[in-house]
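This is what each chain is made of:
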Amino acid sequence: MVIPNQPIGQTIEHPNATAVLFLGAASVLCCGVLGPVAWALGKRALDQIEESGGAYGGRAQVLVGYILGMIGTVLMIVFAVLFLLILMRGNA
């Protein structure tokens, strides 16, 4: 993959690296709904970084956001199930 206006041998950060990291962190800290979004964007960004042959950097940021997105998704599902169990028992 050739990135226009980029000196040969230098990498640039993937355009979504910071967004994936932010979405993954937000999904764990406050808004679990962002977890699947971080997961999907992270997977796409990781694939693009691998295909670029070293033209894109930011793999560590994307990987952390991707993993946090997975964790946020699992936490969202666990809390939703717990919430439904509490509602069914009538102890809300």
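Please refer to the structure higher up on the page.
Residues numbered from 1 in each chain as written. Predicted model: local features only at pLDDT ≥ 70, side-chain atom pairs only at ≥ 80, totals over all residues. Heavy atoms only, no water.

## Regarding helix α2 (residues 34-51)
Reasoning step 1: End to end, α2 covers 26 Å across 18 residues, agreeing with the expected 26 Å (1.5 Å per residue, within 8%).
Reasoning step 2: Taken together, the buried positions of α2 are occupied by G35, A38, G42, A45, L46 and I49. Buried residues of α2 fall within an arc of 105° about the axis and therefore sit on the same side. Of the residues in α2, the exposed ones pointing more than 90 degrees away from the buried face are R44 and E51.
Reasoning step 3: The inward-facing, buried residues of α2 contact α1 (17-29), β2 (56-57) and α3 (59-89). (Helix = DSSP H or I, 4+ residues; strand = E, 2+ residues; numbered from the N terminus. Expected span 1.5 Å × (residues − 1). Buried < 20%, exposed > 50% of the residue type's maximum accessible area, 1.4 Å probe, protein only. Arc of directions from axis to C-beta. Contact = heavy atoms within 4.5 Å.)

## A look at the state of the cysteines
Reasoning step 1: For the structure on display, the rule yields 0 disulfides.
Reasoning step 2: In this structure C30 is a free cysteine whose sulfur lies 5.7 Å from that of C31, the closest cysteine sulfur available.
Reasoning step 3: On the basis of relative accessibility, which here comes to 67%, the residue C30 falls in the exposed class.
Reasoning step 4: Note on C31: relative accessible area 31%, which makes it partly exposed. (Disulfide = S-S within 2.5 Å.)

## Observations regarding the side chain of H14
Reasoning step 1: By the secondary structure assignment, H14 is in the loop between β1 (12-13) and α1.
Reasoning step 2: One polar contact links the side chain of H14 to the main-chain amide nitrogen of N16, over a distance of 3.0 Å.
Reasoning step 3: Contacts of H14, omitting those with residues within four sequence positions, involve A45, Q48, I49, Y56 and G57. (Polar contact = N/O pair within 3.5 Å; in protein donor to acceptor, adjacent residues only side chain to side chain.)

## Re the packing of α1 against α3
Reasoning step 1: Relative to each other, α1 and α3 sit at 25°, their axes nearing to 7 Å. In terms of their interaxial angle, α1 and α3 are classed as roughly parallel. As for the relative orientation of α1 and α3, their crossing is left-handed in sense. Counted together, A17, T18, V20, L21, G24, A25, S27 and V28 of α1 and Q61, V62, V64, G65, Y66, L68, G69, I71, G72 and L75 of α3 form the full contact between these two elements.
Reasoning step 2: Looking at the contact of α1 with α3 residue by residue, the class counts come to 11 nonpolar, 7 polar and no charged. (Axes fitted to C-alpha atoms, helices over the stretch in contact; angles between N-to-C directions. Parallel < 35°, antiparallel > 145°, perpendicular 65-115°, else oblique. Left-handed = near helix turned anticlockwise from the far one by under 90°. Nonpolar A, V, L, I, M, F, W, Y, C, P; charged D, E, K, R; others polar.)

That is the geometry; function is a separate question.
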